[in-house]
Amino acid sequence: LVEKNPRTGNLGSLIKVFLSRTKELKISAESLLILVCSCFFSTHLFIWQGHNPLFIICYLLKVFISQMSEEELQLHFTYK
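Rules used throughout
- Throughout, a residue's number is its position along its own chain's written sequence, starting from 1.
- Local features in this predicted model are restricted to residues of pLDDT 70 or higher, and side-chain atom pairs are both shown and tallied only at a pLDDT of 80 or more, whereas totals for entire chains, interfaces and linings draw on every residue.
- In computing side-chain properties, one takes all heavy atoms of the structure into account and sets aside hydrogens as well as water.
- A run of H or I in DSSP becomes a helix once it reaches four residues, and a run of E becomes a strand once it reaches two; helices and strands are each numbered from the N terminus.
- The buried label goes to any residue with under 20% of its type's maximum accessible area, the exposed label to any with over 50%, and the partly exposed label to all in between, with areas taken from a 1.4 Å probe on protein chains only.
- Contacts were defined at the residue level, with two residues in contact if any of their heavy atoms lie within 4.5 Å.
- Note on areas: these come from Shrake-Rupley sampling with a 1.4 Å probe, and a residue is covered only by the protein chains present in the view.
- Working definition of a nonpolar core: buried Ala, Val, Leu, Ile, Met, Phe, Trp, Tyr and Cys residues. They are joined through side-chain atoms within 4.5 Å.
- Confidence of the predictor in every single residue is expressed as pLDDT, which spans 0 to 100.

Student: Provide a residue-level description of the overall build of the protein chain, including the pertinent values.
Tutor: The number of helices and strands found in the protein chain is four helices and zero strands. Secondary structure elements of the protein chain occur, N-terminal to C-terminal, as α-α-α-α. When each of the 80 residues of the protein chain is scored for burial, the buried share is 20%. Pairs at least 24 residues apart make up 71% of the contacts formed inside the protein chain by residues separated by at least 6 positions. Accessible area for the protein chain stands at about 6,400 Å²; split by element, carbon and sulfur atoms hold 67% of it.

Here it is, written out as structure tokens:
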């Protein structure tokens, strides 16, 4: 991942998808208050779908920050 990500942009794509999904998660959480647990399972599943990519992003950033210079790290987020 460290070698190929500057060419593929996978980490940046994961972050973009995660950010778009968090908007849906917020809407889902607000709907849960209105529906009063009628869709608990689907909402619970949706929260886990938000948790998993966040965990991956945090772990990868921790590794990247500890092993790369600032210039190298910037390459991972400037994919075009």
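Moving on from the coordinates now.
Student: If you had to explain the nonpolar core to someone new, which residues and values would you point to?
Tutor: Leu11, Leu60, Phe64, Met68 and Leu73 form the largest nonpolar core, which has five residues in total. Non-local contacts of Leu60, meaning those with residues more than four positions away in its chain, are made with Leu1 and Leu11.

Student: So what about the environment of His76? Which residues, and what values?
Tutor: Structurally, His76 is set in the segment after α4 (70-75). A relative accessible area of 3% places His76 in the buried class. Placed 73 residues apart in sequence, His76 and Glu3 show a C-alpha to C-alpha distance of 9.6 Å. Leaving out residues up to four positions away in the same chain, His76 has contacts with Leu1, Val2, Asn5, Pro6, Phe64 and Met68.

Student: An account of the confidence of the model for the protein chain is needed here, citing residue identities and associated values.
Tutor: Mean pLDDT for the protein chain: 76, with 71% of residues reaching 70 or above. Of all helices and strands in the protein chain, the one with the weakest mean pLDDT is helix α2 (residues 10-35) (75), whereas α4 scores best (85).

Student: Run through the environment of Leu73, naming residues and quoting values.
Tutor: On the secondary structure map, Leu73 appears in helix α4. As for Leu73 and Val2, which are separated by 71 residues in sequence, their C-alpha atoms are 9.6 Å apart. Sequence-distant contacts of Leu73, that is, excluding residues within four places in its chain, are made with Phe64, Ile65 and Met68.

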